[in-house]
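# Structure at a glance
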Amino acid sequence: MKFTGIIPARFASTRFPGKPLADIAGRSMIRRVYEQASKCSSLQQVIVATDDLRIYDHVSAFGGVAMMSSDAHQSGTDRCAEIASAYPDTDVFINIQGDEPFIDPNQIDLLCACFERPEVVLATLVKKINSVSELLSQNTPKVVLSKSMNALYFSRTAIPFIREQDENQWLNYHTYYKHVGIYGYTNDTLRQISNLPVSALESAEMLEQLRWLENGLPIRVAITDVESIAIDTPEDLQRILLAIS
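For the structure given in this document, a descriptive report is provided here. (Residues numbered from 1 in each chain as written. Predicted model: local features only at pLDDT ≥ 70, side-chain atom pairs only at ≥ 80, totals over all residues. Heavy atoms only, no water.)

## A word on the overall build of the protein chain
Looking only at helices and strands, one finds nine helices and 11 strands in the protein chain. A compact globule built from 245 residues should have a C-alpha radius of gyration of about 18 Å, and the protein chain, at 18 Å, falls within 12% of that. Along the longest, intermediate and shortest principal axes, the C-alpha atoms of the protein chain span 60 × 45 × 35 Å. Going through the 245 residues of the protein chain one by one, you find that 50% of them count as buried. In the protein chain, 68% of the contacts between residues at least 6 apart in sequence involve partners at least 24 apart. Here the protein chain displays about 11,900 Å² of accessible surface, and carbon together with sulfur accounts for 50% of that area. Averaging the locations of the 22 positively and 30 negatively charged side chains of the protein chain gives two centres separated by 2 Å. (Helix = DSSP H or I, 4+ residues; strand = E, 2+ residues; numbered from the N terminus. Rg over C-alpha atoms; globule rule 2.2 N^0.38 Å. Buried < 20%, exposed > 50% of the residue type's maximum accessible area, 1.4 Å probe, protein only. Contact = heavy atoms within 4.5 Å. Areas by Shrake-Rupley, 256 points an atom, 1.4 Å probe, with all protein chains shown as cover. Lys, Arg positive; Asp, Glu negative; His and termini not counted. Charge placed at Lys NZ, Arg CZ, Asp CG, Glu CD.)

Encoded structure:
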């Protein structure tokens, strides 16, 4: 089975313009993501999908592979789908977040392993929630799992709701999981979901994976114990720089 990693990277971020080119101790964010992904034994190739020539030229300069894509895409999945059309021989595409410069290659391998089962067409990762602040944060999407390790639902709200217990004690009564934003799609499935219209659940929660569930597509889940570090704002970057200095 052939796996291709795609790293969507756009320049015009509302909260952090030019984020992929931000310097982290001498190497850009996008270079760090690319180099970490390239260590993954499951991926045959890694491609940066961008809408900006500055990012394209930068990736090419350090020896990476980059492809230009439309600036009209609403999600990383849509950007991946455009690039995927140039790789019809790839069986599975892995959508790797461009703002996680320290992503663990083992996480990518774990996601790829989901596709060893022929019925899997979509996959993602989750991690156990250990703090009440994460559980109750609307910025931390939660995932409810079936016994067969498929996602039942994603929500910004803590689910399930535990009756007659204070929400600050819910972690004592149930194992909650947060979503780790890396996706795998078979070639056919990626093409299919890129043509689906925005769904009602997706609009409500602002979570694109709900579109797939609402259209009856199963999402297989694997559990990681590795904490992902995403950089969403300049303040996040400053905290990282202080931590590694």
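## Description of the environment of Phe 115
Mapped onto the elements of the fold, Phe 115 is located in the loop between α4 (105–113) and β7 (122–128). Ignoring any residue separated from it by four or fewer positions in sequence, one finds Phe 115 in contact with Met 1, Phe 3, Val 92, Val 120, Val 121, Leu 122, Ala 123, Gly 184, Tyr 185 and Thr 186.

## Some remarks on the nonpolar core
One finds Ile 7, Leu 43, Val 48, Ile 94, Ile 96, Ile 108 and Ile 182 to be the most contacted residues of the largest nonpolar core, which totals 30 residues. At the level of elements, β1 (3–9), α1 (29–38), β4 (45–50), α2 (53–61), β6 (92–95), α4, β7 and β10 (177–186) are the ones that each hand at least two residues to this core. When residues no more than four places from it in sequence are discounted, the contact partners of Val 48 are Ile 7, Ala 9, Ile 30, Tyr 34, Ile 55, Val 59, Val 65, Ala 66 and Met 67. With 27 residues, the next largest nonpolar core counts Ala 81, Val 143, Tyr 177 and Trp 212 among its residues. (Core = buried A, V, L, I, M, F, W, Y, C linked by side-chain atoms within 4.5 Å.)

## With respect to the environment of Gln 138
On the secondary structure map, Gln 138 appears in the loop between α5 (132–136) and β8 (142–145). Sequence separation between Gln 138 and Thr 157 is 19 residues; the distance between their C-alpha atoms is 6.3 Å.

## Description of α2
A distance of 2.8 Å separates the backbone nitrogen of Arg 54 from a side-chain oxygen at the start of α2, and that oxygen is part of Asp 52. At the C-terminal side of α2, Gly 63 shows a positive phi close to 95°. (Polar contact = N/O pair within 3.5 Å; in protein donor to acceptor, adjacent residues only side chain to side chain.)

## What about the packing of aromatic side chains?
According to the stated counting rule, one finds six aromatic pairs in the structure shown. With 5.6 Å between their ring centres and 65° between their planes, Tyr 34 and Phe 62 make a pair best called edge-to-face. A residue pair is termed long-range when its members are at least 10 positions apart, and Tyr 34 in helix α1 and Phe 62 in the loop between α2 and β5 (66–68) qualify at 28 residues. The exposure class assigned to Tyr 34 is buried, which follows from its relative accessible area of 11%. For the pair Phe 161 and Trp 170, a centre-to-centre distance of 5.1 Å together with 75° between the ring planes defines the contact as edge-to-face. Owing to a relative accessible area of 62%, Phe 161 belongs among the exposed residues under this scheme. You can call Trp 170 buried: its relative accessible area is 4%. Among the aromatic side chains, those forming a connected cluster through ring pairs are Tyr 183, Tyr 185 and Trp 212. Over the face of the ring belonging to Phe 11 we find Arg 54, whose NZ or CZ atom lies 3.7 Å from the ring centre. (Phe/Tyr/Trp six-rings, centres within 6.5 Å; stacked < 30°, edge-to-face > 60°. Lys NZ or Arg CZ within 6 Å of the ring centre and 35° of its normal.)

## Some points on empty space enclosed by the protein
Inspection of every chain in the model, using the stated rule, returns one cavity of 30 Å³ or more. Put simply, the largest cavity is a space of about 30 Å³. Gln 97, Glu 100, Ile 103, Gln 107, Val 180, Gly 181, Ile 182 and Ser 228 together form the lining of the largest cavity. Of all the elements, β10 adds the most residues to the lining of the largest cavity, at three residues. Of the residues assigned to the lining of the largest cavity, the class counts are three nonpolar, four polar and one charged. (1 Å grid on protein atoms, 1.4 Å probe; cavity = no way out; pocket = protein on both sides within 12 Å on 5 of 7 lines; lining within 4 Å. Points joined across faces, edges and corners; volume = space filled by probe spheres on them. Nonpolar A, V, L, I, M, F, W, Y, C, P; charged D, E, K, R; others polar.)

## Brief notes about unusual backbone geometry
Working note: non-glycine residues mostly have negative phi, and peptide bonds are mostly trans. Omega for the peptide link from Ile 159 to Pro 160 comes to 5°, which places this bond in the cis form. Position of Pro 160 among the secondary structure elements: in the loop between β9 (151–155) and β10. One non-glycine residue with positive phi stands out, namely Ala 25, at about 50°. When you line up the elements, Ala 25 lands in the loop between β2 (23–24) and β3 (27–28). Of note in the backbone geometry, Glu 164 takes a positive phi value of approximately 65° without being a glycine. Looking at the element boundaries, Glu 164 is found in the loop between β9 and β10. For Glu 164, a relative accessible area of 77% corresponds to the exposed category.

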